[in-house]
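Residue-level structure breakdown
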Amino acid sequence: MAFTVAIDGPAASGKGTISKRVAAHFGLGHLDTGLLYRAVGRRMLDGEEPVSAARALVPGDLEVEGLRTAAVGEAASRVGALPEVRAALLDFQRAFARRSGGAVLDGRDIGTVICPEAEAKLFVTASAEVRAERRFRELVAAGADTRFEAVLEDIRARDERDMGRSDAPLRPADDAVTIDTSRLDVEAAVAAAIAAVDAAR
Ligand code: C5P
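Before going into details, it helps to say that this report is about the structure given with it. Just so it is clear, the model here is predicted, and its values are computed rather than measured.

Some remarks on the packing of helix 4 (residues 70–79) against helix 9 (residues 148–164)
Running from amino to carboxyl end, helix 4 crosses helix 9 at an angle of 20 degrees, the nearest separation of the two axes being 10 Å. On the basis of the axis angle, helix 4 is roughly parallel to helix 9. Of the two possible hands of crossing, helix 4 and helix 9 adopt the one that is left-handed. Counted together, Gly 73, Glu 74, Ser 77 and Arg 78 of helix 4 and Arg 158, Arg 161 and Asp 162 of helix 9 form the full contact between these two elements. In the contact of helix 4 with helix 9, the residues fall into no nonpolar, two polar and five charged.

Take a look at the structure:
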């Protein structure tokens, strides 16, 4: 039977790192579903209509360079508010979740909409300030010229859009285990996640 782990949470909560480490620890496949929305957002920035871009998406689109930029993240959050875009991306995510050998999917609505039957559900979060601080450090380390306040504003705007949309808003599933990483380092957060998944096996 396919074992599915659903990991949701806001931008820069640490869910990406945790998902990769959980997948490696248990030998499961991993899908960062944010990349699907980013790929559609990228195509929209290139002038394509987002719904047809979502319908035409192929796995190779997830490997395109430049999907991790702030501009593409912003575009992803806009196309993610469109119900028809979300519907077009549903089957791909569900098929991945059912792969033999099991899978970890991380995103915003995995435990609530995509895989409500997932064996393990985690909601990874942290305060907006802590998340902005992490994102700011990453950007500075990458040589970007930015201010902390601007990064915090972006994080808050993205939270508002992701939690406020009517279709599949970001929220923990009723049976999700919440891990607040505000005061945890990476190793402690990964250990908490692995323990929660172990408890569900
Ligand atoms: O996680 P990431 O920052 O890559 O996601 C980019 C945007 O894609 C999010 O802000 C969100 O609006 C959207 N998204 C979504 N549902 C998912 C994953 C991402 O709506 N499952």
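Digging into the packing of aromatic side chains
A complete count under the given rule lists one aromatic pair for this structure. A centroid spacing of 6.1 Å and a plane angle of 85 degrees characterise the contact between Phe 136 and Phe 148, whose relative ring orientation is edge-to-face. Of this pair, Phe 136 sits in helix 8 (residues 128–141) while Phe 148 is found in helix 9, placing the two residues 12 residues apart along the sequence.

Focus on the site of the ligand
In the neighbourhood of the ligand, 14 residues make up the surrounding shell, with Arg 38, Arg 86, Arg 108, Arg 158 and Asp 162 lying closest. One of the side-chain nitrogen or oxygen atoms of Arg 158 is found 2.8 Å away from an oxygen atom of the ligand. Arg 165 is positioned such that a nitrogen or oxygen atom in its side chain is 3.0 Å from an oxygen atom of the ligand. Within the complex, 96% of the 460 Å² of free accessible area of the ligand lies under protein. Among the elements that line the shell around the ligand, the one with the most residues is helix 2 (residues 34–45), at three residues.

A few points about the side chain of Thr 125
With respect to the helices and strands, the residue Thr 125 is situated in strand 4 (residues 120–125). Its relative accessible area of 18% is what places Thr 125 among the buried residues.

Comments concerning the nonpolar core
By size, the foremost hydrophobic cluster in this structure holds 26 residues, and its most contacted members are Val 40, Val 85, Leu 89, Leu 105 and Cys 115. Of all the secondary-structure elements, those providing two or more residues to this core are helix 2, helix 3 (50–55), helix 4, helix 6 (90–97), strand 3 (103–107) and helix 7 (110–114). At five residues, helix 2 tops the list of elements feeding residues into this core. Apart from the residues within four sequence positions on either side, Leu 105 is in contact with Thr 4, Val 5, Ala 6, Ile 7, Leu 31, Thr 33, Gln 93, Phe 96, Ala 97, Ile 110, Ile 114 and Cys 115. The next biggest cluster of nonpolar side chains, apart from the first, holds 19 residues, and it includes Ile 7, Val 22, Leu 28 and Ala 196.

Some remarks on the environment of Gly 102
Here Gly 102 lies in the loop between helix 6 and strand 3. Exposure remark for Gly 102: the relative accessible area of 1% places this residue in the buried category.

Reading the values: the criteria
Residues numbered from 1 in each chain as written. Predicted model: local features only at pLDDT ≥ 70, side-chain atom pairs only at ≥ 80, totals over all residues. Heavy atoms only, no water. Axes fitted to C-alpha atoms, helices over the stretch in contact; angles between N-to-C directions. Helix = DSSP H or I, 4+ residues; strand = E, 2+ residues; numbered from the N terminus. Parallel < 35°, antiparallel > 145°, perpendicular 65-115°, else oblique. Left-handed = near helix turned anticlockwise from the far one by under 90°. Contact = heavy atoms within 4.5 Å. Nonpolar A, V, L, I, M, F, W, Y, C, P; charged D, E, K, R; others polar. Phe/Tyr/Trp six-rings, centres within 6.5 Å; stacked < 30°, edge-to-face > 60°. Near = heavy atom within 4 Å. Polar contact = N/O pair within 3.5 Å; in protein donor to acceptor, adjacent residues only side chain to side chain. Areas by Shrake-Rupley, 256 points an atom, 1.4 Å probe, with all protein chains shown as cover. Buried < 20%, exposed > 50% of the residue type's maximum accessible area, 1.4 Å probe, protein only. Core = buried A, V, L, I, M, F, W, Y, C linked by side-chain atoms within 4.5 Å.

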